[in-house]
Amino acid sequence: MEQTAEVAAIRKSVTVGRPVEEAFALCRDLPNVQIVQGNVLAPPFKPALFDVVWCSGVLHHTPDTAGTVVEAHRVLAPGGRMVLVTDSQDTLTRRSLTAFFPELLPIELARYPAIPVLHDEAARAGLQLLTQEQVSGEIALTDQFLARLAARCSSAMRLIPPSDHAAGMERVRAAQDRGETWLSCYEIIHYSRRGGVA
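To keep things clear, this report deals only with the structure shown in the data block. (Residues numbered from 1 in each chain as written. Predicted model: local features only at pLDDT ≥ 70, side-chain atom pairs only at ≥ 80, totals over all residues. Heavy atoms only, no water.)

## Concerning the side chain of His-60
Item 1. Within the element layout of this structure, His-60 appears in the loop between strand S3 (50-56) and helix H2 (65-75).
Item 2. Within the structure, His-60 has its side chain in polar contact with the side chain of Arg-111 (distance 3.3 Å).
Item 3. Within polar-contact distance, the side chain of His-60 engages the side chain of Tyr-112 at 3.3 Å.
Item 4. Here His-60 is in contact with Arg-111, Tyr-112, Pro-113 and Ser-155, once residues within four sequence places are set aside. (Helix = DSSP H or I, 4+ residues; strand = E, 2+ residues; numbered from the N terminus. Polar contact = N/O pair within 3.5 Å; in protein donor to acceptor, adjacent residues only side chain to side chain. Contact = heavy atoms within 4.5 Å.)

## Looking at the pattern of salt bridges
Item 1. Using the criterion set out here, one finds seven salt bridges in the structure.
Item 2. Its salt-bridge partner being Asp-87, residue Arg-95 comes within 2.9 Å of it at the nearest N-O pair. The exposure classification of Arg-95 matches that of Asp-87, with both residues buried.
Item 3. When the shortest N-O distance is used, the salt bridge between Glu-170 and Arg-173 registers 3.2 Å. Placement of the pair is Glu-170 and Arg-173 together in helix H8 (residues 162-177), with a separation of three residues, close to one helical turn. (Salt bridge = Lys/Arg side-chain N within 4 Å of Asp/Glu carboxyl O. Buried < 20%, exposed > 50% of the residue type's maximum accessible area, 1.4 Å probe, protein only.)

So this is what it looks like as structure tokens:
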């Protein structure tokens, strides 16, 4: 029996890099992968098509979190899972990004939907919370990593003035000189689509 996979790269608007093009480049030699670009609030897919909807670092960019969750539910097959990788107040206050660039914390707290709100929106859409866990890891402060920070690789970094960014980069360089690492942490939330027809 041949197994197939469908990969949907959905983006709302202009993003850092080119996710659809990058996904295509990574998957171009895989015969069972199809890359589709569309709107996360109106994905071009039939109901109950996917077993998994993976949503990593997306919700805070959407104008309608509840609508995004409703559409994820719509395209999930009964028993399918939605996996969210997002931030919480705790991860935002713990991570190195807001420690080295403290001006980002109030911006990030305003951009990210609160976890209890996400759980409520998911429940209203017909999704059941399965698990929620915080994951974290440390990244070496290499010259290559600092070059990405200097290029404002995070969408949030584009929201602070150049002077705040420069001050944060000085703090990161000092931490690099001390041999410190960068703490990255996220919330990973698994929801399941309740049985029934989409």
